[in-house]
Amino acid sequence: MTTAIVTGAGDGLGRAIAIRLAADGHSLAVVDIDPASARLTCDQIEAAGGTAAPYVVDLRDAVAIVDMVRRAQNDLGPVGILVNNAAVFPSGPFLELTPVDYDDVVAVNQRAYFFVAQAVGRLMSQNGGGAIVNMGSITENGGWSDMAAYVVTKGAAAALTRALATELGPANIRVNCVAPGAFPTRAEEMHADREAYSKRIIDSQALKRRGSVEEVAAAVSFLVGADSAFITGQSLNVDGGWVMR
């Protein structure tokens with residue numbers, strides 16, 4: 001097996017993905033801005049018999065990104081998997097969004113994806129290949145209010161996926177995107193009426209239940225594994241049939 005880097009792995013989808021990839025046999029570089037959260041994910045992986053190390057990084061810092069990727073390979077072994085998952089998700093009216101607010105969302109959700117993939121791609125090219133998954137969102141399909149900056153960056157994740165799949169394919173690096181729907185994570189705390197929000201989600205889906213973070217992790221596991229060896233440049237919606245295209 002190989003080393004997998006998962007950004008934003010201290011909570012929610014990122015934690016579930018890290019735990020699943022560790023169960024698949026990979027060594028995990030658990031990347032998060034919060035030391036306690038990163039450590040907790042590592043503790044859960046290690047308690048299950050896996051190997052993990054925490055890397056506390058502000059992904060707004062491109063120099064720190066390169067250093068983190070280098071340290072992860074030195075500490076854990078050749079990097080063969082990257083999951084670009086870290087994201088911020090402010091909510092507010094488009095007409096009130098400030099340049100500072102917008103730039104922060106882009107720095108974490110878009111710019112960091114680019115530069116983490118670049119640093120990892122350089123190593124993968126030397127290591128004989130690998131697999132990258134960029135976490136998108138079904139919100140890129142439109143229809144969501146008060147999330148314009150987030151939606152823009154998630155559309156960019158899908159576009160970056162296609163660009164990198166084309167450019168990195170000759171180096172045996174596959175790049176795909178997973179676009180989740182709405183899952184029960186801390187991100188839902190922004191909604192005042194959680195019960196009404198959950199009902200709206202279920203009403204929008206073909207499958208009439210809430211999905212689990214483990215189901216998103218399973219999709220990522222497939223896209224970085226041997227069973228998807230001839231799949232690249234694709235976006236996979238994991239949303240219970242909310243968006244069909």
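Structure's up top.
Residues numbered from 1 in each chain as written. Predicted model: local features only at pLDDT ≥ 70, side-chain atom pairs only at ≥ 80, totals over all residues. Heavy atoms only, no water.

Caption draft 1: Representation of the pairing of strand 3 (residues 52-56) in the model. In this sheet, strand 3 lies alongside strand 2 (residues 27-32) in parallel orientation, the contact comprising 5 bridges. What sits directly across from Asp32, in strand 3, is Val56. As for the winding sense of the linkage, the β-α-β connection from strand 2 through helix 2 (residues 35-47) to strand 3 is right-handed. (Pairing = 2+ DSSP bridges. Helix = DSSP H or I, 4+ residues; strand = E, 2+ residues; numbered from the N terminus. Right-handed = clockwise from strand over helix to strand, strands pointing away.)

Caption draft 2: Just the packing of helix 4 (residues 99-127) against helix 5 (residues 148-168), in detail. Between helix 4 and helix 5, the least distance of the axes is 9 Å, while the angle of their chain directions is 15°. By the angle between their axes, helix 4 is roughly parallel relative to helix 5. Crossing of helix 4 against helix 5: the hand is right-handed. Packed against helix 4, whose contacting residues are Tyr102, Val105, Val106, Asn109, Gln110, Tyr113, Phe114 and Ala117, the element helix 5 presents Ala149, Tyr150, Val152, Thr153, Lys154, Ala156, Ala157, Leu160 and Leu164 at the interface. Among the residues forming the contact of helix 4 with helix 5, the class breakdown is 13 nonpolar, 3 polar and 1 charged. (Axes fitted to C-alpha atoms, helices over the stretch in contact; angles between N-to-C directions. Parallel < 35°, antiparallel > 145°, perpendicular 65-115°, else oblique. Left-handed = near helix turned anticlockwise from the far one by under 90°. Contact = heavy atoms within 4.5 Å. Nonpolar A, V, L, I, M, F, W, Y, C, P; charged D, E, K, R; others polar.)

Caption draft 3: Expanded view of the sheet that holds strand 2. Spatial strand order, 3-2-1-4-5-6-7: 7 strands in an open sheet with parallel pairing. Only two strands of the sheet have a single neighbouring strand rather than two, namely strand 3 and strand 7 (235-238). On average, adjacent strands in this sheet sit at an angle of 20° to one another, irrespective of strand direction. Direction of pairing for strand 5 (residues 130-135) relative to strand 6 (residues 173-180): parallel, over a ladder of 6 bridges.

Caption draft 4: Structural detail: the nonpolar core. Formed by 61 residues in total, the largest nonpolar core has its most connected members in Ile5, Leu21, Leu28, Tyr55 and Met135. Residue contacts for Met135: discarding those within four places in its chain leaves Ile17, Val83, Asn84, Asn85, Tyr113, Lys154, Ala157, Val178, Pro180, Val216 and Val220. Membership of the second largest hydrophobic core comes to 7 residues, among which are Ala179, Ala182, Tyr197 and Val243. (Core = buried A, V, L, I, M, F, W, Y, C linked by side-chain atoms within 4.5 Å. Buried < 20%, exposed > 50% of the residue type's maximum accessible area, 1.4 Å probe, protein only.)

Caption draft 5: How the structure looks around the environment of Ile132. As for its position among the elements, Ile132 is in strand 5. Expressed as a C-alpha distance, the spacing of Ile132 and Ser235, which sit 103 residues apart in the sequence, is 12 Å. Contacts of Ile132, omitting those with residues within four sequence positions, involve Leu82, Ala117, Met124, Leu168, Ile173, Arg174, Val175 and Asn176.

Caption draft 6: Broad picture of the pattern of salt bridges. In the structure shown here, the tally under the stated rule is 9 salt bridges. Notably, a salt bridge pairs Asp104 with Arg60, separated by 2.6 Å at the nearest N-O pair. Taken together, the residues Asp104 in helix 4 and Arg60 in the loop between strand 3 and helix 3 (62-76) connect sequence positions 44 residues apart. The partner of Glu215 in a salt bridge is Arg209, with the nearest N and O atoms 2.7 Å apart. By relative accessible area, Arg209 is classed as partly exposed at 41%. Connected through shared salt-bridge partners, Arg39, Asp43 and Glu46 make up one network. (Salt bridge = Lys/Arg side-chain N within 4 Å of Asp/Glu carboxyl O.)

So, to be careful, I would describe these as geometric facts and stop short of saying anything about function.
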